[in-house]
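Each chain, written out:
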Amino acid sequence: MKKILFNGCSFTAGEGLQESEKNFSQIINEDPDFETINLAVPGTGNKWIHRETKRALWNPSYDDVTDVFIIWTDFNRVEYVDYSANWLTAWPVNFDRWGIWQQTSPARVGSAPWRYKKDSWEHFYGEIFKSETGILDTIFYALDIQEMCKAKGINYHDSFFSRPMLMTLSKFLMPKRQEKNSGLAMVNHEFNKLDRHLDVSWKEKENEILIGDMATKYGTCDDMGHPGAEAHKKYAQHVMELI
């Protein structure tokens, strides 16, 4: 039997589905050849995904896991600590999900509660944080989890939740850019060490089937673009065929 530990954001968690509907990991769990654990929490960034996956792998309760499958989320999501008592009082849903490790992204800057510090967040995303930072972080997170999986004899797999992420990644690691920037060439060298992948290598991800593709093809369940029940069924079938 394969025991698979999944992690990711809302697409992996199955946000937007009705109570009677199942996300892809729950569907896979119904097959007698598979057992699944889903750590995904809606709205989280890749730092959260990395930390919580490693926390689980250090837990003896997960020593019988055979496969780890990460669906990385938006490179621009960041994590920060907020001890604000007012926030605790006014935004309990966020704390139920994330605790003090709050998550945000450029798409959330204009909505509550982040709009109350909109100028600060716009300065952060405009002058301090760049998408390249998120890409570099995610490459490190993936390599780190892959090495931990190798040490424990676990198969490592990963994917992205949306096709625009592939476009951003491909643009960042364009050969012409590497020729002009030795640092990027070094990043690409590390990038190529990601040898355990659900479908293909990271270098060929444009050929991969993403959960976001399933949402586009088989329908969403809300106005946020989350995959619907049929999309989760199709993705479950895809994962079982490959793993």
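This is a predicted model, so every value here is computed, not measured.

Student: Could you clarify how one ought to interpret the nonpolar core in this entry?
Tutor: The nonpolar side chains of a soluble globular protein tend to be buried with one another. If you look at the biggest cluster of nonpolar residues, it comprises 50 residues, and the most contacted ones within it are F24, V68, F69, W72, Y156, F160 and Y235. Counting 10 residues, the second-largest nonpolar core is a separate cluster that includes V41, W48, V109 and Y125.

Student: I keep staring at the pattern of salt bridges and nothing clicks. Help me out?
Tutor: One pass over the structure, following the stated rule, counts 13 salt bridges. Between K3 and D64 there is a salt bridge, and its shortest N-O distance comes to 3.0 Å. Here K3 is found in strand β1 (residues 2-7), whereas its partner D64 is found in the loop between α3 (46-57) and β3 (67-72), with 61 residues between them in sequence. Taking the relative accessible area as the measure of exposure, K3 reaches 11% and is therefore buried. Residue class for D64 comes out partly exposed when judged on its relative accessible area of 43%.

Student: Can you help me understand the packing of α3 against helix α7 (residues 131-152) in this one?
Tutor: Packed helices, taken two at a time, are described by their axes: the angle between them and the distance between them. Running from N to C, α3 and α7 point in directions that differ by 10°, and their axes come no closer than 10 Å. For the element pair α3 / α7, the angle class is roughly parallel. Between α3, through N46, K47, H50, T53, K54 and L57, and α7, the contact on the second element is made entirely by T138, F140, Y141, D144, I145, M148, C149 and K152. Split by residue class, the contact of α3 with α7 holds 6 nonpolar, 4 polar and 4 charged.

Student: I keep staring at the environment of I100 and nothing clicks. Help me out?
Tutor: For I100, the position within the fold is in the loop between α5 (92-98) and β5 (101-104). Note on I100: relative accessible area 31%, which makes it partly exposed. The spatial distance from the C-alpha of I100 to the C-alpha of V81 is 5.4 Å, given a sequence separation of 19 residues. Once you skip the residues sitting within four places of it in the chain, I100 turns out to touch Y80, V81, D82, Y83 and F95.

Student: Honestly, the side chain of T73 in this entry has me stumped. Any pointers?
Tutor: When you line up the elements, T73 lands in the loop between β3 and β4 (78-81). The class of T73 is buried, set by a relative accessible area of 0%. Dropping the residues within four chain positions of it, T73 is found in contact with C9, T44, G45, N46, I49, F161 and M165.

Student: Would you take a moment to explain the environment of K217 for this structure?
Tutor: The residue K217 is located in helix α11 (residues 211-218) in this model. Exposure remark for K217: the relative accessible area of 64% places this residue in the exposed category.

Student: Which parts of the structure should I look at to understand α7?
Tutor: Every α-helical turn comprises 3.6 residues, leaving residues that sit three or four positions apart pointing alike. In a regular helix each residue adds 1.5 Å, so 22 residues correspond to 32 Å; α7 covers 32 Å between its end C-alpha atoms and thus fits that length. Residues G134, I135, T138, I139, Y141, A142, L143, D144, I145, Q146, M148 and C149 constitute the buried set of α7. On the buried face of α7, the contacting elements are α3, β3, β6 (155-160), α8 (163-172) and α10 (182-191). G153 sits one or two residues past α7 and shows a positive phi near 75°.

Parameters at a glance
- Residues numbered from 1 in each chain as written.
- Predicted model: local features only at pLDDT ≥ 70, side-chain atom pairs only at ≥ 80, totals over all residues.
- Heavy atoms only, no water.
- Core = buried A, V, L, I, M, F, W, Y, C linked by side-chain atoms within 4.5 Å.
- Buried < 20%, exposed > 50% of the residue type's maximum accessible area, 1.4 Å probe, protein only.
- Salt bridge = Lys/Arg side-chain N within 4 Å of Asp/Glu carboxyl O.
- Helix = DSSP H or I, 4+ residues; strand = E, 2+ residues; numbered from the N terminus.
- Axes fitted to C-alpha atoms, helices over the stretch in contact; angles between N-to-C directions.
- Parallel < 35°, antiparallel > 145°, perpendicular 65-115°, else oblique.
- Contact = heavy atoms within 4.5 Å.
- Nonpolar A, V, L, I, M, F, W, Y, C, P; charged D, E, K, R; others polar.
- Expected span 1.5 Å × (residues − 1).

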